[in-house]
Amino acid sequence: MSKFLSKKYENLEPYTPGEQPKDMAYIKLNTNESPFSPTKKAMSAVKKQALLSKLYPDPEQTVLTKKVADYLGVKKEQVLMTNGSDEILNFAFMAYCDSSNPAVFADITYGFYSVFAFINGVPTKVIPLKDDFSIDKTDYYNARGTIFIANPNAPTGLTLTLADIEDILKNNLNNIVVIDEAYVDFGATSAIKLIDKYDNLLITRTFSKSRSMAGARLGFGVANEKIIKDLNAIKYSTNPYNVNRMSAILGAYSIDDERYYEKCIQKVIFARNYAKEELDKLGFELTDSKANFLFAKHPKISGETLYEKLKEKGVLVRHFNKERTKDYVRITVGTQKEMTVLIQKIKEIIQN
Ligand code: PMP
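Model, not experiment: these values are computed from the prediction. (Residues numbered from 1 in each chain as written. Predicted model: local features only at pLDDT ≥ 70, side-chain atom pairs only at ≥ 80, totals over all residues. Heavy atoms only, no water.)

Caption draft 1: Structural detail: the pattern of salt bridges. Going through the model one piece at a time under the given rule, you end up with 22 salt bridges. Between Asp-70 and Lys-66 there is a salt bridge, with the nearest N and O atoms lying 2.8 Å from each other. Taken as a pair, Asp-70 and Lys-66 lie in helix α2 (residues 62-72) at a separation of 4 residues, close to a single helical turn. With relative accessibility at 48%, the residue Asp-70 sits in the partly exposed group. Notably, a salt bridge pairs Lys-313 with Glu-348, separated by 2.9 Å at the nearest N-O pair. Within this pair, whereas Lys-313 is found in the loop between α9 (303-312) and β11 (315-316), its partner Glu-348 is found in helix α10 (residues 336-350), the two being separated by 35 residues in sequence. By relative accessible area, Lys-313 is classed as partly exposed at 33%. On the basis of relative accessibility, which here comes to 27%, the residue Glu-348 falls in the partly exposed class. Overlapping salt bridges bring together Lys-137, Asp-164, Asp-167 and Lys-170 as one network. (Salt bridge = Lys/Arg side-chain N within 4 Å of Asp/Glu carboxyl O. Helix = DSSP H or I, 4+ residues; strand = E, 2+ residues; numbered from the N terminus. Buried < 20%, exposed > 50% of the residue type's maximum accessible area, 1.4 Å probe, protein only.)

Written out as structure tokens, the structure reads:
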């Protein structure tokens with residue numbers, strides 16, 4: 001840290017992204033990326049936009065916003081496109097949290113929530129998950145703060161039903177409830193249907209996972225028009241050109257090529273079920289993940305040792321060294337072939 005850094009960042013603990021080592025070719029199952037490429041149909045259009053890069057992109061993202069809104073069955077004024085969903089989440093912390101509106105979230109959830117809270121100088125109210133890692137919805141009733149819930153949650157993959165989400169919304173009519181649907185396409189129910197019914201609901205989504213665009217950085221928020229106006233004010237006060245030309249066109253093509261993405265999602269779900277069954281047979285304890293990752297622990301090997309041994313064998317998974325999660329590893333679901341290799345390597349490790 002330099003002597004010039006503002007005191008307000010003295011204790012900042014930045015988010016730690018999953019490692020991206022370059023020393024060898026790993027089977028990368030550590031950052032919940034898609035194993036499939038984005039739609040190839042977009043490539044010549046992406047190239048055209050790259051050649052137009054001397055010009056700023058459309059700050060309103062008019063075409064893409066309309067496309068996403070039509071796809072979701074909402075108005076274009078209810079959608080804001082952002083640079084990954086991390087950006088819309090940060091906007092929500094900026095817009096709806098302050099000293100009298102703490103950020104409310106689970107003890108085990110997406111690690112960025114606490115970082116966004118810190119960098120925005122926002123107090124937090126952390127609510128422990130139950131022993132089985134599920135959420136007790138009543139813990140969130142009248143929360144007196146801005147609620148952030150990932151559905152499915154990370155790294156557990158557990159979901160809330162639409163009825164549970166509606167109950168949380170109903171019991172927080174004076175607070176914003178942010179439902180982070182980064183992994184929703186792999187098996188949870190979206191809360192989009194509730195958008196017109198609850199003016200306190202903000203849904204965040206991403207193109208990083210089911211649409212294979214983690215490297216393009218594209219996400220969005222869906223809410224009622226007033227909320228989107230607030231968030232637009234934040235956007236125009238930080239980075240009006242937050243979505244670049246190439247990512248915007250790739251996103252638009254990905255909406256057009258829905259059948260391709262549906263197939264990719266089905267392949268991930270199939271590979272997830274296969275891996276879950278095999279790990280179960282090997283004595284692992286797993287949560288019922290509806291995301292593109294599994295969360296697993298084995299009675300005979302610690303999460304850290306399993307992570308290290310898999311890395312030695314060329315397979316990267318994620319280990320979170322926190323009290324309640326340290327026995328587990330989070331394994332991103334890759335291709336069927338990658339999952340077969342994973343299971344083989346795990347057998348070698350635990351049977352020796
Ligand atoms: N929410 C959750 C729960 C996540 O796991 C992630 C990805 N790490 C994000 C949001 C942000 O993803 P992105 O910025 O790539 O859209």
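There's plenty left to go through after this.
Caption draft 2: Broad picture of unusual backbone geometry. The omega torsion across Asn-151 and Pro-152 is 0°, close enough to zero to call that bond cis. In this fold, Pro-152 is placed in the loop between β5 (146-150) and α5 (162-170). For Gln-61, which is not a glycine, the phi torsion comes out positive at approximately 45°. In this structure Gln-61 comes out as buried when scored by relative accessible area, which is 7%. Unlike most non-glycine residues, Arg-144 shows phi in positive territory, near 50°.

Caption draft 3: Region of interest: the side chain of His-319. Mapping His-319 onto the fold places it in the loop between β11 and β12 (328-332). A relative accessible area of 16% places His-319 in the buried class. Here the side chain of His-319 touches Glu-304 through a polar contact of 3.5 Å, landing on its backbone nitrogen. A distance of 2.8 Å separates the side chain of His-319 from the backbone oxygen of Lys-326, its partner in a polar contact. Ignoring sequence-local partners within four residues, the contact set of His-319 consists of Gly-303, Glu-304, Tyr-307, Lys-326 and Tyr-328. (Polar contact = N/O pair within 3.5 Å; in protein donor to acceptor, adjacent residues only side chain to side chain. Contact = heavy atoms within 4.5 Å.)

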